[in-house]
Amino acid sequence: MRTNCFTESQLQEFQRTGHVTIDHLFDASTIETVLEDLTIWSGQFVNTLAPGEQQWFLERGDENGKTLRKLDHPAFHRKPFRELATHTSLKPLIEQLLGSPYHLFFSQVFMKPPEAGSPKPIHQDNFYFGPDNLDATLTVWIALDDATLTNGCLHYCNHHQHEVLPHFAPENEPYNLQIDTTHFDQLALTPAPIQSGGVSFHHGNTPHFSAANQSKKSRRAVAFHYLRNDAALIHSGLEYDPAMRMDIR
Ligand SMILES: O=C(O)CCC(=O)C(=O)O
């Protein structure tokens, strides 16, 4: 495990493109611990899902009702995820991009199961979050499996200094707020493949998407969403429960 800071050129890259990746930030045993816990938690969670929750958490068209699309608030519910979100390897990096103090207000696991994981359409996190200061949110996305071009790695549009564009949700997919694709030439988006243990940091305004998982391997990832303490979410596209907030010290 490395503890480090962004170099000047990485900071410039983040300023220029709205995203920056650090490979191999977490070692295999740290990720293995998280994945073991995820297997236990997801197995329990899927069996307790109420019918009304299935639309939110399961892949669409899932015939056996067991194929999880995502899990919410892993850092709040599960110790190994909490340890990752507050890890000493992450803190100095987050502080460099966000300033301090800050807190974690939301976290989510994207399961992207083999041959079933659906796309996450193009969006800006700041439309979901609605902060009063657009520079005060940061997403830290950690690859739990290798994320590749065939299993649905993230793709970024290098225009975070863009305004926050209108988003819409397709019928029956309230969780999939997205930008009308006429706003972007999808081909101009840059793929960001990354190995397990690598971390991708993105500004809340940076448009991004992930494609479907067309491979036989999972593409699991956890996203931690941080907010500077001097900012507030004032017009969020979805609800973020303040009781799930975690202060980072
Ligand atoms: O992991 C994915 O496929 C989507 C992640 C994402 O949109 C995010 O972390 O903001």
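A brief structural summary. (Residues numbered from 1 in each chain as written. Predicted model: local features only at pLDDT ≥ 70, side-chain atom pairs only at ≥ 80, totals over all residues. Heavy atoms only, no water.)

1. Thoughts on the nonpolar core
Stage number 1. Counting residues in each nonpolar core, the largest one holds 43 residues, and the members touching the most others are Leu 90, Val 140, Ile 142, Phe 201, Phe 224 and Tyr 226.
Stage number 2. For this core, the element with the most residues is helix H2 (residues 28–47), which contributes 7 residues.
Stage number 3. Residues contacting Phe 201, with those up to four places away along its chain left out, are Phe 6, Phe 14, Gly 18, His 19, Val 20, Ile 22, Leu 90, Leu 93, Leu 97, Leu 138, Thr 139 and Val 140.
Stage number 4. By size, the runner-up hydrophobic cluster in this structure holds 11 residues, among which are Phe 110, Trp 141, Cys 153 and Ile 194. (Core = buried A, V, L, I, M, F, W, Y, C linked by side-chain atoms within 4.5 Å. Buried < 20%, exposed > 50% of the residue type's maximum accessible area, 1.4 Å probe, protein only. Helix = DSSP H or I, 4+ residues; strand = E, 2+ residues; numbered from the N terminus. Contact = heavy atoms within 4.5 Å.)

2. Observations concerning the sheet that holds strand E4 (residues 120–123)
Stage number 1. Ordered by their spatial adjacency, 4 strands build an open sheet running E4-E9-E6-E7, and the pairing between neighbours is antiparallel. With partners counted over all chains shown, the strands left at the sheet margins are E4 and strand E7 (190–192), one partner each. Geometrically, the sheet is characterised by an average inter-axis angle of 25° between neighbouring strands, direction not taken into account.
Stage number 2. The pairing of strand E6 (residues 154–156) with E7 spans 3 bridges and is antiparallel. Bridged to His 155 within E7 is Pro 191. (Pairing = 2+ DSSP bridges. Axes fitted to C-alpha atoms, helices over the stretch in contact; angles between N-to-C directions.)

3. With respect to the side chain of Arg 219
Stage number 1. By the secondary structure assignment, Arg 219 is in the loop between strand E9 (208–210) and strand E10 (221–228).
Stage number 2. A polar contact is formed between the side chain of Arg 219 and the backbone oxygen of Gly 152, at a distance of 2.8 Å.
Stage number 3. Dropping the residues within four chain positions of it, Arg 219 is found in contact with Phe 110, Met 111, Lys 112, Trp 141, Asp 145, Asp 146, Ala 147, Asn 151, Gly 152, Cys 153, Ser 210 and Asn 213. (Polar contact = N/O pair within 3.5 Å; in protein donor to acceptor, adjacent residues only side chain to side chain.)

4. Here's the deal with the site of the ligand
Stage number 1. Taken together, 13 residues lie near the ligand, and His 123, Trp 141, His 208, Ser 210 and Arg 219 sit nearest.
Stage number 2. Interatomic distance of 3.1 Å between a side-chain N/O atom of Asp 125 and an oxygen atom of the ligand.
Stage number 3. Within the contact set of the ligand, an oxygen atom lies 2.8 Å away from a side-chain nitrogen or oxygen of Arg 219.
Stage number 4. Contact with the protein chains removes 98% of the 290 Å² of surface that the ligand exposes when unbound. (Near = heavy atom within 4 Å. Areas by Shrake-Rupley, 256 points an atom, 1.4 Å probe, with all protein chains shown as cover.)

5. A short note on the pattern of salt bridges
Stage number 1. Evaluated as defined, the whole model comprises 8 salt bridges.
Stage number 2. A salt bridge links Arg 78 to Asp 37, with the shortest nitrogen-to-oxygen separation between them at 2.8 Å. A residue pair is termed long-range when its members are at least 10 positions apart, and Arg 78 in the loop between helix H4 (74–77) and helix H5 (79–85) and Asp 37 in helix H2 qualify at 41 residues.
Stage number 3. Note on Asp 37: relative accessible area 12%, which makes it buried. (Salt bridge = Lys/Arg side-chain N within 4 Å of Asp/Glu carboxyl O.)

6. Section: unusual backbone geometry
Stage number 1. Note that the residue after Ser 100, namely Pro 101, is joined by a cis bond; omega there is 0°.
Stage number 2. Here Pro 101 shows up in the loop between helix H6 (91–98) and strand E3 (102–110).
Stage number 3. The backbone of His 73 sits at a positive phi, close to 55°, despite the residue not being glycine.
Stage number 4. Positive phi, normally seen in glycine, also occurs at Asn 172, with a value near 65°.
Stage number 5. With respect to the element layout, Asn 172 can be found in the loop between E6 and E7.
Stage number 6. With relative accessibility at 46%, the residue Asn 172 sits in the partly exposed group.

7. Some thoughts on H2
Stage number 1. Between its terminal C-alpha atoms H2 stretches 29 Å, which fits the 28 Å expected from 20 residues at 1.5 Å a residue.
Stage number 2. Thr 30, Ile 31, Val 34, Leu 35, Asp 37, Leu 38, Trp 41, Ser 42, Phe 45 and Val 46 are the residues of H2 that are buried.
Stage number 3. Looking at the buried positions of H2, the neighbouring elements they touch are helix H3 (51–57), strand E2 (70–72), H4, H5, E3 and strand E5 (137–143). (Expected span 1.5 Å × (residues − 1).)

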